[in-house]
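Each chain, written out:
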Amino acid sequence: MIELDKMKRENRNFSICLHACCGPCSTHPIEFLSQYFKNIVIVYNNSNIPLDCVYLDIDYMERYKDFSLNDERFPDFENFVSYMKDRGVRLVPIIDAAVKVEDDYDVYEEGKKNGYFCKDENGEDYVVAVWPGFAVFPDFMNPEASTWFADKYKMLTDMGIEGFWNDMNEPAIFYSE
């Protein structure tokens, strides 16, 4: 354990630490999913199992929309992040490369307005289906689109999040229209 502790002190970005991935949790009958994760930390602690990071799967999001929070499951996300950090545990939320197609969803509306999504052979947004349902991919070959999407992470970093699980970044799809 001494070598691991030394490695953790020298590795300030916490990539070489003890991580736990607990999810997806959408089938759990838990009103406050934040309590579920707090309990995981308590169990690890009571069992003398070191834990540095907990990964949050898509259940922390509102209907699986990137850069959104499910207020029912995480009623005070920023305090939840602080609570975990106070116990030496960092949270690593998932972000999918796909943006849900939904009117009035600010991320989708902004990307559509600025032409930031990948296009099909007809020049239309390439619509696919992944976790949130119908979705579009930011065109990461477009520097403006790439910067725009990267800037969206600020919503979470402002709450104390320091790392991300970038998923479905192949990009992976279930099917397309």
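Criteria and thresholds
- Residues numbered from 1 in each chain as written.
- Predicted model: local features only at pLDDT ≥ 70, side-chain atom pairs only at ≥ 80, totals over all residues.
- Heavy atoms only, no water.
- Helix = DSSP H or I, 4+ residues; strand = E, 2+ residues; numbered from the N terminus.
- Buried < 20%, exposed > 50% of the residue type's maximum accessible area, 1.4 Å probe, protein only.
- Polar contact = N/O pair within 3.5 Å; in protein donor to acceptor, adjacent residues only side chain to side chain.
- Contact = heavy atoms within 4.5 Å.
- pLDDT = per-residue confidence, 0-100.
- Expected span 1.5 Å × (residues − 1).
- Arc of directions from axis to C-beta.
- Phe/Tyr/Trp six-rings, centres within 6.5 Å; stacked < 30°, edge-to-face > 60°.
- Core = buried A, V, L, I, M, F, W, Y, C linked by side-chain atoms within 4.5 Å.
- Pairing = 2+ DSSP bridges.
- Right-handed = clockwise from strand over helix to strand, strands pointing away.

**Examining the side chain of E102**
- Note on placement: E102 falls in the loop between β4 (99-100) and α4 (106-113).
- For E102, a relative accessible area of 18% corresponds to the buried category.
- A polar atom in the side chain of E102 sits 2.9 Å from the side chain of K65.
- Apart from the residues within four sequence positions on either side, E102 is in contact with R63, K65, Y108 and E109.

**Considerations on unusual backbone geometry**
- A positive phi is found at Y64, a non-glycine position, where the angle reads about 65 degrees.
- With respect to the secondary-structure elements, Y64 resides in the loop between β2 (53-56) and α3 (77-86).
- We note that D104 has phi near 70 degrees; this positive angle belongs to a residue other than glycine.
- Examined against the element boundaries, D104 turns out to sit in the loop between β4 and α4.

**Points about the confidence of the model for the protein chain**
- Mean pLDDT over the protein chain stands at 84; residues scoring 70 or higher make up 80%.
- Within the protein chain, the lowest mean pLDDT, 49, falls on helix α1 (residues 2-10), and the highest, 98, falls on α4.

**Describing helix α2 (residues 33-46)**
- A rise of 1.5 Å per residue sets the reference length of α2, with its 14 residues, at 20 Å; its end C-alpha atoms lie 20 Å apart and thus fit the reference within 8%.
- Buried residues of α2: L33, S34, F37, K38, I40 and V41, and no others. End-on, the buried residues of α2 take up no more than an arc of 155 degrees, which puts them together on one face.
- Close packing links the buried residues of α2 with β2 and α3.
- Directly beyond the C-terminal end of α2, a positive phi value near 55 degrees is found at N48.

**Topic: the packing of aromatic side chains**
- Evaluation of the coordinates by the stated rule reveals 16 aromatic pairs.
- Aromatic pair F67 and F149: ring centres 5.2 Å apart, planes at 70 degrees, arrangement edge-to-face. Of the two residues, F67 sits in the loop between β2 and α3 while F149 sits in helix α5 (residues 143-151), which places them 82 residues apart along the sequence. Both residues of the pair, F67 and F149, count as buried.
- Note on F77 and F80: the rings are 6.2 Å apart at their centroids and 55 degrees apart in plane angle, and the pair reads as tilted.

**As for the nonpolar core**
- Counting residues in each nonpolar core, the largest one holds 37 residues, and the members touching the most others are F37, Y60, F77, L91 and V99.
- Listed by contribution, the elements that provide at least two residues to this core are α2, β2, α3, β3 (90-96), α4 and α5.
- Setting aside anything within four residues of it in sequence, one finds F77 in contact with L56, Y60, L69, L156, M159 and I161.
- Among the nonpolar cores identified, the runner-up in size contains seven residues, and V128, V130, A135 and M168 belong to it.

**Notes on the pairing of β2**
- As paired strands, β2 and β3 are joined by four bridges and run parallel to one another. Its bridge partner being in β3, V54 is matched across the sheet by L91.
- This β-α-β element, β2 to α3 to β3, shows right-handed connectivity.

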